[in-house]
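Commentary on secondary and tertiary structure
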Amino acid sequence: MANITKDMTMGYIVKQYPQTVEVFQRYGMGCLSCPTAQLESLEKGAMLHGIDIEALLAELNKAAK
């Protein structure tokens, strides 16, 4: 069972759970291959994009299952 957390980097999440790319794109976070996404935590990325981290986490975990 997937358990994506806000401390994981976006790069790690996409590598481990490729099916989450669609969720990131829906939230306007499409630049998943850029260096920042490889190093930045999901929480920081969501904050920078003005996205509700709890809603994003719920959708990512649902997609990753």
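Look a little higher up for the structure.
Residues numbered from 1 in each chain as written. Predicted model: local features only at pLDDT ≥ 70, side-chain atom pairs only at ≥ 80, totals over all residues. Heavy atoms only, no water.

1. What about the overall build of the chain?
Our working definition: Helix and strand definitions here come from DSSP, where helices need a minimum of 4 consecutive H or I residues and strands a minimum of 2 consecutive E residues; each element is numbered from the N-terminal end. Contacts: residue pairs with any heavy atoms within 4.5 Å of one another. Only the protein chains shown count as covering a residue, and every accessible area follows the Shrake-Rupley method with a 1.4 Å probe. The positive count covers Lys and Arg only, the negative count covers Asp and Glu only, and His and the chain ends enter neither. Here the site of a charge means atom NZ of a Lys, CZ of an Arg, CG of an Asp or CD of a Glu.
Broken down by element type, the chain carries five helices and zero strands. In sequence order, the secondary structure elements of the chain are arranged as α-α-α-α-α. For the chain, the spread of C-alpha atoms along the principal axes amounts to about 25 × 20 × 20 Å. Long-range pairs, those at least 24 residues apart, make up 61% of the contacts in the chain between residues at least 6 apart in sequence. Total accessible area on the chain is roughly 4000 Å²; 54% of this is exposed by carbon and sulfur atoms. Considering the chain, the positive charge centre built from 6 side chains and the negative charge centre built from 7 side chains are found 5 Å apart.

2. As for the pattern of salt bridges
Cut-off, in case you're wondering: One side-chain nitrogen of Lys or Arg within 4 Å of one carboxyl oxygen of Asp or Glu is enough to make a salt bridge. To sort residues, take the accessible area from a 1.4 Å probe on protein chains only and compare it with the maximum for the residue type: under 20% means buried, over 50% means exposed, and anything in between is partly exposed.
Applying the stated criterion to the full structure yields three salt bridges. Across the pair Lys6 and Glu43 runs a salt bridge whose closest N-O atoms are separated by 3.7 Å. Of this pair, Lys6 sits in the segment before helix H1 (10-16) while Glu43 sits in helix H4 (residues 42-48), and the two are 37 residues apart along the sequence. Between Glu22 and Arg26 there is a salt bridge, and its shortest N-O distance comes to 3.5 Å. Residue Glu22 and its partner Arg26 are located together in helix H2 (residues 21-26), separated by four residues, close to a single helical turn. The exposure classification of Glu22 matches that of Arg26, with both residues exposed.

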